[in-house]
Amino acid sequence: MFNAIGRIFRTPDLRRKIGFTLGIIALFRLGSFIPAPFVDFSNVQACLAANQGASGLYELVNLFSGGALLQLSIFALGIMPYITASIIVQLLRVVIPHFETLYKEGQAGQGKLTQYTRYLTIALGVLQSTTLITVARSGALFSGSADPSCSQLITNDAWYAILLMVITMTAGTGLIMWMGELITERGIGNGMSLLIFTSIASTFPGSLWAIGISRGWDVFAIVLAIGLVVVVAVVFVEQSQRRVPVQYAKRMVGRRTYGGNNTYIPIKVNMAGVVPVIFASSLLYLPALIAQFNQPKAGEEIQPWVAWITNYLTKGDHPLYMLLYFLLIVGFTYFYVAITFNPDEVAENMKKYGGFIPGIRAGRPTAEYLDYVLTRITFPGSLYLGLIALIPLIAFALVGANQNFPFGGASILIIVGVGLETVKQIDAQLQQRHYEGLLR
């Protein structure tokens, strides 16, 4: 292992790529601590110290921004606008035929879809930065705090100050998107994924240290041991796949013979990745967000539906919240897999190139068989996602950790997924220059 790491730094091209990637990551983390214009940095730090962990409404965005959201920094929005835009464009392929046509056109068409994603990212950046500044001005960013300084985070309420803050945060989102693309082109691994990885990994030490301080170091050791077991289990499931065998018939084109080889279609147990967890979290935030903007004024009674949402759907330690969260993840897993994997299209492509599954006729029977396999393999995958997503909520109820608990939910799925993919790319780069790679 150490010899393989040594070969990485003895290979000039690979050393240059890794150095460039680390440099961009350092700039990304630096920007997460630079406050936006007209933000009272001392008040923000005081509120963060008094409110360990993020508010329930903003925990996911704060997690993906590496804590920059609640600090109101120039990178406060993080990579979330780009993630949201990418998911929207991907889903629109089902609704808008033009998007599906562009996707099938190859590199040129997908380049246009990427451009649409960039435009939508900037639009979402403007919308989300405006919302964040409005929430900060109203004092609702740290809604659970009794400190009056938490409602005085912005020093200037003039229209030009608000406009400058919106422009700064939106520009920060565009800069993050550009840095991610630079890593993809000139560094190692997928740039956007690595920036998300960095944001989430930066919250690990603080979360674990808070558990050790508040619950004792014996609980800390137990949490760490359970975390290692969870990581091993996630790696095992993420690498698991159902391989559907495919054979290609021999065919003559001129004097050349094509086909005649055997391959397989890899169907992963978790084909949906982390997207269902993000969907379910976002959908559960909507009732809480609506209830927050319908809080009673002084002297008024709280409405029954607002009280019900506040009691049952704003805290992750309630059984009803956990049940709804689990069921939404299972449902969204089936929904997302049905959109991203089209058995009819796969069967048609196989038939076009002379491929068939042994024992299954080409065409419609092949599509039905793939759909049958996909439905069966998605069921354990959806249960796995639901259970992993519940780990932070259970930890929140048992050990008093905040809901950004590192060993579970979207955080562990992204950390493991991006880590495995990056290691594979480094291994492939090594194998191009040496007989041995990073992995054996």
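You'll find the structure just up there.
Everything numeric in this text was worked out from a predicted model, so none of it was measured. Note on numbering: residues in each chain are counted from 1, in written sequence order. Residues qualify for local features only when their pLDDT is at least 70, as the model is predicted, and side-chain atom pairs are given and counted only at 80 or more; totals for whole chains, interfaces and linings, by contrast, use all residues. Processing note: side-chain calculations cover all non-hydrogen atoms of the structure and skip hydrogens and water entirely.

Student: Would you take a moment to explain the overall build of the protein for this structure?
Tutor: Helix numbers and strand numbers start at the N terminus; a helix is a DSSP run of H or I with at least 4 residues, a strand a run of E with at least 2. For the protein, the count of helices and strands is 17 helices and 5 strands. Here the term buried applies to any residue with accessible area under 20% of the maximum for its type, exposed to any over 50%, and partly exposed to those in between, with areas from a 1.4 Å probe on protein chains only. Within the span of the protein, comprising 440 residues, buried residues form 46% of the whole. Summarising the internal contacts of the protein: among those between residues at least 6 apart in sequence, 70% fall at separations of at least 24. With residues, only the protein chains shown are counted as cover, and all accessible areas are computed by Shrake-Rupley using a 1.4 Å probe. Per element, the accessible surface of the protein, about 22600 Å² overall, is 63% carbon and sulfur. Two residues qualify as a contact provided that any one of their heavy atoms is within 4.5 Å of a heavy atom in the partner residue.

Student: For this particular structure, what's the right way to read the environment of Q429?
Tutor: Residue position: Q429 is located in helix 17 (residues 409-433). Measuring from C-alpha to C-alpha, the distance between Q429 and D13 comes to 9.3 Å, with 416 residues separating the pair along the chain. Residues contacting Q429, with those up to four places away along its chain left out, are L14, K17 and I188.

Student: Can you walk me through the side chain of T366 in this structure?
Tutor: Its location among the elements puts T366 in helix 16 (residues 364-398). Other than its neighbours up to four places away in sequence, T366 contacts A347, M350, I357, I360 and R361.

Student: How should I be thinking about a nonpolar patch on the surface in this particular structure?
Tutor: Patch members must show over 30% relative accessible area and no salt bridge, and they are joined within 9 Å when carrying like charges or within 5 Å when they are nonpolar side chains of Val, Leu, Ile, Met, Phe, Trp or Tyr. Salt bridge, as applied in this entry: a Lys or Arg side-chain nitrogen positioned within 4 Å of an Asp or Glu carboxyl oxygen. The grouping of W159, Y160, L163 and I167 at the surface amounts to a nonpolar patch, some 490 Å² of accessible area in total. Within the secondary structure, Y160 is located in helix 8 (residues 159-186). The class for Y160 is partly exposed, based on a relative accessible area of 45%.

Student: Please clarify how the sheet that holds strand 5 (residues 355-356) should be interpreted in this entry.
Tutor: The strands making up a sheet associate through backbone hydrogen bonding, with each pair oriented either parallel or antiparallel. One open sheet accounts for 3 strands, arranged 4-1-5; its pairing is antiparallel. Because the sheet does not close on itself, it has two edges, and the strands there are strand 4 (262-268) and strand 5. Following DSSP output, two strands are said to pair if at least two bridges run between them. In this sheet, strand 5 lies alongside strand 1 (residues 241-248) in antiparallel orientation, the contact comprising 2 bridges. Residue pairing for strand 5: Y248 is matched across the bridge by G355.

Student: Where do I start with the nonpolar core in this structure?
Tutor: It is characteristic of soluble globular proteins that their nonpolar side chains tend to be buried jointly. Here, the term nonpolar core denotes a set of buried Ala, Val, Leu, Ile, Met, Phe, Trp, Tyr and Cys residues that are joined through side-chain atoms within 4.5 Å. One finds V234, V277, Y325 and L413 to be the most contacted residues of the largest nonpolar core, which totals 69 residues. In terms of residue count, helix 16 provides more of this core than any other element does, 10 residues in total. Among residues more than four places away in sequence, those in contact with Y325 are V277, A280, S281, L284, A389, L390 and L393. By size, the runner-up hydrophobic cluster in this structure holds 21 residues, among which are A36, C47, L132 and V135.

Student: For this particular structure, what's the right way to read the pattern of salt bridges?
Tutor: Pairing between side chains of opposite charge can happen when the charged atoms of each approach one another. Applying the stated criterion to the full structure yields 7 salt bridges. The residue R118 makes a salt bridge to E181 at a minimum N-O spacing of 2.9 Å. Here R118 is found in helix 7 (residues 107-138), whereas its partner E181 is found in helix 8, with 63 residues between them in sequence. For R118, a relative accessible area of 27% gives the class partly exposed. When salt bridges that share partners are traced, they join D13, R16 and K17 into one network.

Student: Is there a simple way to explain the packing of helix 5 (residues 80-95) against helix 6 (residues 97-104) in this structure?
Tutor: Working note: a packed helix pair is described by the angle between its axes plus the distance between those axes. Axis definition: a line fitted to C-alpha atoms, limited for helices to the stretch in contact. Angles are taken between N-to-C directions and run from 0 to 180 degrees. Across the interface, helix 5 lies against helix 6 with an axial gap of 6 Å and an inter-helix angle of 110 degrees. In this view, helix 5 runs roughly perpendicular relative to helix 6, as classed from their interaxial angle. Here helix 5 contributes V89, L92, R93 and V95 to the contact with helix 6, which in turn contributes P97, F99, E100 and Y103. The residue inventory of the contact of helix 5 with helix 6, partitioned by class, reads 6 nonpolar, no polar and 2 charged. An angle below 35 degrees is treated as roughly parallel, one above 145 as roughly antiparallel, one from 65 to 115 as roughly perpendicular, and anything else as oblique. Note on residue categories: nonpolar means Ala, Val, Leu, Ile, Met, Phe, Trp, Tyr, Cys or Pro, charged means Asp, Glu, Lys or Arg, and polar means any other residue, Gly included.

Student: It is not clear to me how the packing of helix 7 against helix 8 should be interpreted in this structure. Could you clarify?
Tutor: Across the interface, helix 7 lies against helix 8 with an axial gap of 9 Å and an inter-helix angle of 140 degrees. The pairing of helix 7 with helix 8 is recorded here as oblique in orientation. Two packed elements cross with a definite hand, and for helix 7 against helix 8 that hand is right-handed. Residues R118, T121, I122, G125, V126, S129, T130, L132, I133 and R137 of helix 7 form the contact with helix 8, whose participating residues are I162, M165, V166, M169, T170, T173, G174, M177 and E181. Its residues placed into classes, the contact of helix 7 with helix 8 shows 9 nonpolar, 7 polar and 3 charged. Put simply, a crossing is left-handed when the front helix is turned counterclockwise from the back one by less than a right angle, and right-handed when it is turned clockwise.

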